[in-house]
Amino acid sequence: MLVVCGYLAWVCVDAALFRFYLEDLLLFGALLGCGAATVELTRRSSEPAGVVKDVYAVWELPVVILLPPLYALVVPAIRLALTQWRVRRAPLYRRVFTASAIGIAYGSASLVYHGILPVGCHPRAYLWAHADMWLMAAALTGLTQWVVNQGLVLTAVKAADPATRIRDTVLGVEPLHNDVTELCAALLVALGMTVSYVTLIIALPLVTLLQRSFRHTQLLNEARADAKTGLLNAMTWDREAAAEVARAVRTGSPLAVALLDLDRFKQINDTYGHLVGDNVLRQIATTMTQILRDYDLAGRFGGEEFVMLLPQTRAVDALRIAERVRAHISQLPIYSGGAGGAAGAERVPVTVSIGVAALDAGSRRELTDLLAAADAALYRAKASGRDQVQMISTSRGLSAVRPRAADDLPPDGGTFTRTAAFTGGAGMPEIDVRLDAGMAGGEAQLPADGSASTATTSALAV
């Protein structure tokens, strides 16, 4: 409401001081027509949900640079009204907020640009006399618009969805490259418009191609992701994970793979409905994204099964990370029939079993070996009662059980059981080993979350 009211107040103040010129109106109409043509192209491919990357600034930044501020303030409102009518009916309050935020960004950029130019100097006349200064002022104008717009819009996006990664949305290589390309195209259009309006006829096909390239990038990202959870789909995860495993083998780095399976998912669907089941899958994906590091790979293998690849991670640390994921998921506040606290809402019990396979530094294994070991560990976790983490080290032929966090160390300094099993030979019996919580070989103990660790799973061979 603050952004919308500030925007409307700004428009009213500028409208009271506005002076009408036919030449300015014709230029505004020409640029607005190109923007409308771009909207029609968007209509054919449909407008994607979420943070949308488009090329409208190619036509709207020249409005900021070449025309009085009022035109810059109203152009996003006209364009978004056309988008609402012709492309997709989004919630009206979102359209209004977006138009207000972009309008404020354009208004701020216009203030910066006209503040740089000498008082009373026409933009076109200044260009011919001081081309370098004009280009610097125009570039600073575009940068101002980008900063203000991102600050307002992404603040709202982050408030609506705290899981949104601003770094990936704004500061990634691809988004920055697109923004810089769009700014350069807008400056070229503004520069050409000072020569002749015919420039628009040349610029429109080029901008159309630029728009299609942006859509192509979005399609590639959508093809990589699982539609329901937003994680990597099975094919993409398998391809990128295989490359990571090959790199780990080549450089002698540790690595781990974890398979996560939702316990009794069919029962959740049968009891609470498939919509609740879909919400459970999305919440699990969000939890994994929040806990894992930026360079970890999280994907959905299908159904209720997820997979994680943890580069540069030793066995004991992978076990701890998997336990954190399990513990957070078991505490998810998911309710049937509405949000928590609503009348009649029942909390949905959600637990997962996780199997971890560790590739110790210097070992030579392929991704299929790690997945097979993780699947065996997952099967053991399911057979042992679910809601737990079990691990197999593919290089040592050992397995380990991660107890629940509350059971890590007995308060009296007694003993607890961790299972170490030699599984290398066919028919070899498993040997259970009891490790004392206070024994001298302390590196065999799994550290508490956040503490330093130098242990590896091989210490369980004692």
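Here the structure is shown first, and the text comes after it.
Here the structure is a predicted model, which is why all the values come from computation and not from measurement.

1. Quick word on the packing of aromatic side chains
One pass over the full model with this rule turns up 3 aromatic pairs. Ring geometry for Phe 18 against Tyr 71: centres 5.5 Å apart, planes inclined by 75°, an arrangement best described as edge-to-face. Here the residue Phe 18 occupies a position in the loop between helix H1 (2-16) and helix H2 (22-45), and Tyr 71 occupies one in helix H4 (residues 69-86), the gap between them amounting to 53 residues. Residue class for Phe 18 comes out partly exposed when judged on its relative accessible area of 28%. Ring-pair connections join several aromatic residues into one group, and the members of that group are Phe 18, Phe 28 and Tyr 71. When the ring centre of Trp 85 is taken as reference, the NZ or CZ atom of Arg 86 above it lies at 5.5 Å.

2. Examining helix H3 (residues 57-66)
Counting buried positions over the 10 residues of H3 gives 10, a clear majority of the element. The complete set of buried residues in H3 reads Ala 57, Val 58, Trp 59, Glu 60, Leu 61, Pro 62, Val 63, Val 64, Ile 65 and Leu 66.

3. Considering the nonpolar core
Of all hydrophobic cores here, the largest spans 38 residues; its most connected members are Val 58, Trp 59, Ile 65, Tyr 106, Trp 134 and Val 189. Elements with a minimum of two residues in this core: H2, H3, H4, helix H5 (92-116), helix H6 (123-129), helix H7 (131-160), helix H9 (173-193) and helix H10 (199-224). Counting residues per element, this core draws most heavily on H3, at 8 residues. In this structure Tyr 106 touches Ala 57, Glu 60, Leu 61, Val 64, Ala 72, Val 75, Pro 76 and Gln 145, once residues within four positions along its chain are discounted. Within the second largest apolar cluster, 37 residues are counted, among which are Leu 260, Val 325, Ile 334 and Ile 354.

4. Quick word on the pairing of strand E3 (residues 305-311)
Most of E3 sits out of view: 6 of its 7 residues are buried. Sheet topology note: the strand E1 (residues 255-262)/E3 ladder contains 7 bridges and is antiparallel. Pairing of Ala 258 across the sheet is with Met 308, part of E3. Across 5 bridges, strand E2 (residues 297-302) lies against E3 in antiparallel orientation.

5. Re the pattern of salt bridges
Applying the stated criterion across every chain yields a total of 14 salt bridges. For Glu 60, the salt bridge is made with Arg 79, and the minimal N-O distance between the two is 2.9 Å. Of this pair, Glu 60 sits in helix H3 while Arg 79 is found in helix H4, placing the two residues 19 residues apart along the sequence. Each member of the pair Glu 60 and Arg 79 is classed as buried. Where Asp 387 meets Arg 326, a salt bridge forms, and the shortest distance between an N and an O atom there is 2.7 Å. Pair noted here: Asp 387 is in the loop between helix H15 (367-383) and strand E7 (389-393) and Arg 326 is in helix H14 (residues 315-330), with a separation of 61 residues, a long-range link.

6. Focus on the environment of Leu 191
Relative to the helices and strands, Leu 191 resides in helix H9. Residues Leu 191 and Pro 62, spaced 129 residues apart in sequence, show a C-alpha to C-alpha distance of 8.4 Å. Beyond its immediate stretch of four places on either side in the chain, Leu 191 contacts Leu 127 and Trp 134.

7. Here's the deal with a nonpolar patch on the surface
Among the surface-exposed residues, Ile 116, Met 133, Met 136, Leu 140, Leu 143 and Val 147 lie close enough to one another that they form a single nonpolar patch of about 530 Å² accessible area. If one sorts the elements of the nonpolar patch by residue count, H7 sits on top with 5 residues. By the secondary structure assignment, Ile 116 is in helix H5. Ile 116 sits in the partly exposed class, given a relative accessible area of 31%.

8. Some points on the packing of H7 against H9
For any two helices packed against each other, the geometry comes down to the angle between their axes and how far apart the axes lie. Interhelical geometry of H7 versus H9 gives an angle of 135° and a closest axis separation of 10 Å. In terms of orientation, H7 lies oblique with respect to H9. Handedness of the crossing formed by H7 with H9: right-handed. For the pair formed by H7 and H9, the contact residues are Trp 134, Ala 138, Ala 139, Gly 142, Trp 146 and Gln 150 on the first element and Leu 176, Asp 179, Leu 183, Leu 187, Ala 190 and Leu 191 on the second. Considered class by class, the residues forming the contact of H7 with H9 number 9 nonpolar, 2 polar and 1 charged.

9. Observations concerning unusual backbone geometry
Phi at Arg 264 takes a positive value of approximately 55°, unusual for a residue other than glycine. Residue placement: Arg 264 occurs in the loop between E1 and helix H12 (265-272). Here Arg 264 falls in the partly exposed class, since its relative accessible area comes to 46%. The phi angle at Arg 386 is positive, at roughly 65°, despite the residue not being glycine. With respect to the helices and strands, Arg 386 occurs in the loop between H15 and E7.

Calculation criteria
Residues numbered from 1 in each chain as written. Predicted model: local features only at pLDDT ≥ 70, side-chain atom pairs only at ≥ 80, totals over all residues. Heavy atoms only, no water. Phe/Tyr/Trp six-rings, centres within 6.5 Å; stacked < 30°, edge-to-face > 60°. Helix = DSSP H or I, 4+ residues; strand = E, 2+ residues; numbered from the N terminus. Buried < 20%, exposed > 50% of the residue type's maximum accessible area, 1.4 Å probe, protein only. Lys NZ or Arg CZ within 6 Å of the ring centre and 35° of its normal. Core = buried A, V, L, I, M, F, W, Y, C linked by side-chain atoms within 4.5 Å. Contact = heavy atoms within 4.5 Å. Pairing = 2+ DSSP bridges. Salt bridge = Lys/Arg side-chain N within 4 Å of Asp/Glu carboxyl O. Patch = residues over 30% accessible without salt bridge, like charges linked within 9 Å, V, L, I, M, F, W, Y side chains within 5 Å. Areas by Shrake-Rupley, 256 points an atom, 1.4 Å probe, with all protein chains shown as cover. Axes fitted to C-alpha atoms, helices over the stretch in contact; angles between N-to-C directions. Parallel < 35°, antiparallel > 145°, perpendicular 65-115°, else oblique. Left-handed = near helix turned anticlockwise from the far one by under 90°. Nonpolar A, V, L, I, M, F, W, Y, C, P; charged D, E, K, R; others polar.

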